[in-house]
Each structure stands twice: as structure tokens, then as C-alpha cells.
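For reference, the chains in residue letters:
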Amino acid sequence: DAGVIQSPRHEVTEMGQEVTLRCKPISGHDYLFWYRQTMMRGLELLIYFNNNVPIDDSGMPEDRFSAKMPNASFSTLKIQPSEPRDSAVYFCASSFASVGVGEAFFGQGTRLTVV
Amino acid sequence: AQSVAQPEDQVNVAEGNPLTVKCTYSVSGNPYLFWYVQYPNRGLQFLLKYITGDNLVKGSYGFEAEFNKSQTSFHLKKPSALVSDSALYFCAVRDIRSFQKLVFGTGTRLLVSP
């Protein structure tokens, strides 16, 4: 398996534009997580899904952020409209509960810059 | 709420010397603790975990961690550091409300000098 695949790797956009980040989890994994990493706030969990259903979105900073998981092999994180303070590295991770607690596999991340 | 603290922003060690990256935890109930490593421009990679049993847990790349209940600590250790161990290390604890949700510490940068 190629691991968790995120696209794009880098995204530069202007303030006010819509941004969509994409994630393909490892096949067979039943949990998917979206994290945001910044120098100031460290690693924050935004939302996670179990079997494609959102379980906890309490980390989503505001209504400008939304996430979907239409099927087991694809998820998106959308920011509309984007703002400079959204600049961060966004990670997607997946795990398989039956394998072990907490052993999540992370993608390489999307570095988002909003100018 | 479950939380972990990593008191050191950076740890410097010479290659060949033992290394320790510190982590303390605050949980209600039995802790599930983890260490992850992040290399530059990469996602986090799982190193090891403590669920129950032996207080000394062995993980990937020669790392191990010692669970100490009385000191509420879970320090990451390696007997002999390599320059390639230089990375960002995160301690994490399982959230009590969710079996798979992790709460991460702020991270400790390990710098191993030749």
C-alpha cells in the first residue's frame, strides 16, 4: 500500500478563495483524521471520521471549514473563504481500530499558504 | 481532560550518547500513551505505545520508553543516538472519550550532533 496520500502537497492561494484539500486513506482503515500543524498551536485535531461518518468536529475552527468523506477511500477538507491565519500544514491520517489503539498512519501533509 | 506535557522544546545530544525525551501525562483512568516522530517535511510516524503490562516498551529504530506511574511520566529513550534520529518527537495520550482519538503534546526537537 502506498500509505495515506494527500494532495496537493503545496497550495498557495489568495485570501477569500476556496481551498480544497484531499486525502486518500490506507485501504481498509476505518478511521480518518484531519490535523492542522502550526508553530503557534502545534498539532490540532480538526475532525475525525469512523466508517465515513463524522464523529467529532469540535476542533474545526469555524464555519469556514468543512470536511466530507463520501466513501471509504476519499475525504476532503474545504476552507471557504480562506484567510491568512489558515496558513498551516494540514495532515490527514488513518487507522484501523482492530489493529491497535492509536497507531495512526499520516500522510505527508499539505502546506497551505494564504496570502 | 487528558493531556501530555513535553517540558523541553529542544534536546541536544552528541552522536553515540544516550538520549532522553521527556513526557508527563495527566489522565483519568489508565493511560494509553504513544510516541510519534516527525522528520522534516513528512507526516508523523508511530514509534511505540504503552497500553498495559511491562513498563519498558520497545519500539521502532531502537527507541524505547519507560512508563512510570508514580511520576506520571513516559520518557522516550535510546541508548546510543544517531545523527539520523534528529527530528521532532511527539508524545500523545488517548482521549478518554474516544478509542482512537489522540491528544498530542507540543513536540520536542531532538538534535543529534556528529
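Further up the page is the structure itself.
Here's what I pulled together on the structure shown here. (Residues numbered from 1 in each chain as written. Chains lettered and ligands numbered in written order. Predicted model: local features only at pLDDT ≥ 70, side-chain atom pairs only at ≥ 80, totals over all residues. Heavy atoms only, no water.)

1. Some words on the pairing of strand β7 (residues 65-71) of chain A
Residues and elements named next belong to chain A. For the record, the criterion: Two strands qualify as a pair provided DSSP detects at least 2 bridges between them. Elements are defined by DSSP. Helices are runs of H or I of four residues or more, strands are runs of E of two residues or more, and each kind is numbered from the N terminus.
For β7 and strand β8 (residues 74-79), the ladder comprises 5 bridges, and the chain directions are antiparallel. If you follow K68 over to β8, its bridge partner there is T76. What sits between the antiparallel neighbours β7 and β8 is a turn of 2 residues.

2. Here we look at the interface of chain A and chain B
Here is the rule we go by: A contact between two residues is defined here by any heavy atoms of the two lying within 4.5 Å. Here the buried area means the combined drop in accessible surface, using a 1.4 Å probe, for two parts upon being joined, counting both sides. Here, a salt bridge means any Lys or Arg side-chain nitrogen found within 4 Å of an Asp or Glu carboxyl oxygen. Within 3.5 Å is the distance limit for a polar contact, defined as a pair of N or O atoms, with the added protein rule that one can donate a hydrogen and the other accept it, and that residues adjacent in sequence qualify only through two side-chain atoms.
Each side of the interface is counted separately: chain A has 23 residues, and chain B has 20 residues. Buried surface at the junction of chain A and chain B, summed over both partners, amounts to about 1,700 Å²; 54% is from carbon and sulfur atoms. Among the salt bridges present, the one from K101(B) reaches D56(A), with a minimum N-O distance of 2.7 Å. Summed over the shared surface of chain A and chain B, the number is 4 residue pairs in polar contact (both at pLDDT 80 or more).

3. Brief notes about the pairing of strand β2 (residues 10-14) of chain B
Residue and element names in this part refer to chain B. Here is the rule we go by: In this scheme, a residue with accessible area under 20% of its type's maximum is buried, one over 50% is exposed, and one in between is partly exposed, where area comes from a 1.4 Å probe on protein chains only.
Because side chains alternate across β2, one face comprises the buried residues V11 and V13, and the other comprises Q10, N12 and A14, none of which is buried. The pairing of β2 with strand β12 (residues 108-113) spans 5 bridges and is classified as parallel. Across the sheet, A14 pairs through a bridge with S113, a residue of β12.

4. Things to note about the state of the cysteines
Quick note on the threshold: Criterion for a disulfide: a pair of cysteine sulfur atoms within 2.5 Å.
With the rule as written, the count across this model stands at 2 disulfides over all chains. The disulfide that involves C23(A) links it to C92(A), with 1.8 Å between the sulfurs. Judged by the sign of its S-S torsion, about -65°, the cystine formed by C23(A) and C92(A) is left-handed. Taken together, the residues span a long stretch of sequence, with C23(A) in strand β3 (residues 19-24) and C92(A) in strand β9 (residues 88-95) at a distance of 69 residues. Paired through a disulfide, C23(B) and C91(B) show a sulfur-sulfur distance of 2.0 Å. The sign of the -65° torsion about the S-S bond sets the C23(B)-C91(B) disulfide as left-handed. Placement of the pair is C23(B) in the loop between β3 (19-21) and β4 (24-26) and C91(B) in strand β10 (residues 87-94), with a sequence separation of 68 residues. Among the residues examined, C23(B) registers a relative accessible area of 0% and is labelled buried. Using a relative accessible area of 0% as the deciding quantity, one classes C91(B) as buried.

5. Description of the sheet that holds strand β1 (residues 5-7) of chain A
Residue and element names in this part refer to chain A. Condition: Helix axes are fitted only over the stretch in contact, all axes being lines through C-alpha atoms; the angle between N-to-C directions runs from 0 to 180 degrees.
Across the sheet, which stays open at both edges, the 4 strands sit in the order β1-β3-β8-β7 with antiparallel pairing between neighbours. One side of each edge strand has no neighbouring strand; the edge strands of this open sheet are β1 and β7. Each neighbouring strand pair of the sheet contributes to a mean axis angle of 15°, computed without reference to strand direction. Relative to β3, β1 runs antiparallel, the two sharing 3 bridges. Bridge assignment links Q6 to a residue of β3, and that residue is C23.

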